[in-house]
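Take a look at the letters that make up each chain.
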Amino acid sequence: KSNAPDPIITRVSDEFLDIEHVKSTLKPTSRAYALIVGIRRYRHLKGPRFADTDAKQIYRMLVKRAGFKNDNAHIRLRLNQDASVGTLYNDLEWLVRKAKLNPDAKIFFYFSGHGSPVTEGQNIKDGLLVPYEATLDGLNDRTAISLSYLRKKFSALKNKNVVCLLDACFSGTGKSVTGMKLIRPKINRSLLSCNKLFISAAAADRPAEEYAPGRQGAFTYFFLKAMLGEGDVNRDGWVDTKEAFDYARAKLMALDYDQNPQMSADVRIKLARVRQ
């Protein structure tokens, strides 16, 4: 096996988003909390190539352009082996607790890694976010994070500005893992349905793919590019959730990606300040 670098990534690495060195546009606020998860190196599974990079880039963007404090009291970053199921459940409880104590705070949860469908016959009735130590034959709502758990926890919050952004899929293909072959699965349309904003990189029956030129998950890459300024359609100096979603979706469609990203509601939550 050759140790040479990936020729595609090497050739087009100039498309990598250098978020680390962009100018900060917002002063950090104590009223913003986030949990950011990216798993590329699983203990037992082959992970998505850029999932940990996705998480680091989202973290950088929240600190640079969204006013999140760069400390563990306000934003937690869990990569690879640090994203065990126990740690993730504890961190989610921390995030929910902070939200309840600060009902005017902005709350952000991001996950990049494997998803898995929960099936009943040929129906997909729920989805799982797969933690670091998971095995294919042991996936359930105790060994992974279920979407139904996230919906229940977030829907109980009084906070208006809650964003759950998932770059995973639940179809059994792409960034999804499953122990069974799915044939024309029927989708539970309430998979993302919630009174809070859920954004998924792919529909439940579609794969979430990578964008090799940018060395990231495809949806996350273009979502971040929107937050850098290209998504500011109304030129108000901000990129909101609807603008970022529409920008990323349009870019994926133009590149013939078959992901069909989903947004639970056309909610406009201000995400990134692109001009001071």
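Our subject is the structure listed above.
Conventions we followed
- Residues numbered from 1 in each chain as written.
- Predicted model: local features only at pLDDT ≥ 70, side-chain atom pairs only at ≥ 80, totals over all residues.
- Heavy atoms only, no water.
- Helix = DSSP H or I, 4+ residues; strand = E, 2+ residues; numbered from the N terminus.
- Buried < 20%, exposed > 50% of the residue type's maximum accessible area, 1.4 Å probe, protein only.
- Contact = heavy atoms within 4.5 Å.
- Areas by Shrake-Rupley, 256 points an atom, 1.4 Å probe, with all protein chains shown as cover.
- Expected span 1.5 Å × (residues − 1).
- Axes fitted to C-alpha atoms, helices over the stretch in contact; angles between N-to-C directions.
- Parallel < 35°, antiparallel > 145°, perpendicular 65-115°, else oblique.
- Left-handed = near helix turned anticlockwise from the far one by under 90°.
- Nonpolar A, V, L, I, M, F, W, Y, C, P; charged D, E, K, R; others polar.
- Phe/Tyr/Trp six-rings, centres within 6.5 Å; stacked < 30°, edge-to-face > 60°.
- Pairing = 2+ DSSP bridges.
- Salt bridge = Lys/Arg side-chain N within 4 Å of Asp/Glu carboxyl O.
- Core = buried A, V, L, I, M, F, W, Y, C linked by side-chain atoms within 4.5 Å.

Chemist: Got a sec to walk through the overall build of the protein chain? Specific residues and values, please.
Modeler: Assigned secondary structure in the protein chain consists of 6 helices and 14 strands. Here the protein chain holds 276 residues, and the buried ones make up 55% of them. Of all intrachain contacts in the protein chain linking residues separated by at least 6 positions in sequence, the fraction that spans at least 24 positions is 76%. Total accessible area on the protein chain is roughly 12700 Å²; 46% of this is exposed by carbon and sulfur atoms.

Chemist: Just give me the short version of helix α4 (residues 147-155), but keep the residues and values in it.
Modeler: Residue pairs three or four apart in sequence face the same way in an α-helix, which turns once every 3.6 residues. Among the residues of α4, Leu147, Tyr149, Leu150, Arg151 and Phe154 are the ones counted as buried. The inward-facing, buried residues of α4 abut α3 (85-101), β3 (106-112), β5 (123-129), β6 (145-146), β7 (162-167) and β9 (197-200).

Chemist: Please provide a residue-by-residue account of helix α2 (residues 51-65), values included.
Modeler: If you check α2, its first and last C-alpha atoms are 21 Å apart, about what 15 residues at 1.5 Å a residue would give, namely 21 Å. Where burial is concerned, most of α2 is hidden: 12 out of the 15 residues are buried. Those residues of α2 that sit buried are Ala51, Asp52, Thr53, Asp54, Ala55, Gln57, Ile58, Tyr59, Met61, Leu62, Lys64 and Arg65. Phi turns positive, to about 80 degrees, at glycine 67, one or two residues after α2.

Chemist: So what about the packing of helix α5 (residues 218-230) against helix α6 (residues 241-254)? Which residues, and what values?
Modeler: To describe two helices that pack against each other, one gives the angle between their axes and the distance between the axes. For the pair α5 and α6, the least separation of the axes is 8 Å and the interaxial angle reads 130 degrees. By the angle between their directions, the pair α5 and α6 is classed as oblique. In terms of crossing hand, the pair formed by α5 and α6 is right-handed. Within the contact between the two elements, α5 uses Ala218, Phe219, Phe222, Phe223, Lys225, Ala226 and Glu230 and α6 uses Thr241, Ala244, Phe245, Tyr247, Ala248, Lys251 and Leu252. Split by residue class, the contact of α5 with α6 holds 10 nonpolar, 1 polar and 3 charged.

Chemist: Run through the packing of aromatic side chains, naming residues and quoting values.
Modeler: For the coordinates displayed, the defined rule picks out 9 aromatic pairs. Ring geometry for phenylalanine 154 against phenylalanine 198: centres 6.1 Å apart, planes inclined by 55 degrees, an arrangement best described as tilted. Note that phenylalanine 154 is positioned in helix α4 and phenylalanine 198 in strand β9, a separation of 44 residues in sequence. The class for phenylalanine 198 is buried, based on a relative accessible area of 0%. Aromatic rings pair up to connect Phe109, Phe154 and Phe198 into one cluster.

Chemist: Residues and numbers for the pairing of β7, please.
Modeler: Counting buried positions over the 6 residues of β7 gives 6, a clear majority of the element. Of the two faces of β7, both are covered, the one formed by Val162, Cys164 and Leu166 as well as the one formed by Val163, Leu165 and Asp167. Of the pairings in the sheet, the one linking β3 to β7 comprises 6 bridges and is parallel in character. Looking at β7, one finds that tyrosine 110 is bridged to leucine 165. Sheet topology places β7 next to β9; 4 bridges connect them, and they run parallel. Opposite leucine 166, over in β9, you have serine 200 as the bridge partner.

Chemist: If you had to explain the pattern of salt bridges to someone new, which residues and values would you point to?
Modeler: Counted by the stated rule, this structure contains 13 salt bridges. For the salt bridge of aspartate 141 with arginine 142, the shortest nitrogen-to-oxygen distance reads 3.8 Å. Shared partners join several salt bridges into a network, and the residues in it are Arg40, Arg41 and Asp52.

Chemist: Tell me what's going on with the nonpolar core, and back it up with residues and numbers.
Modeler: As a rule of thumb, nonpolar side chains are buried together in soluble globular proteins. The biggest cluster of nonpolar side chains holds 46 residues, and the ones touching the most others in it are Ile36, Leu62, Phe108, Phe219 and Phe223. A per-element tally of this core places α5 first, with 8 residues. The contact partners of phenylalanine 108, leaving out residues within four places of it in the chain, are Tyr33, Ala34, Leu35, Ile36, Ile58, Leu62, Phe68, Leu95, Val163, Leu165 and Leu271.

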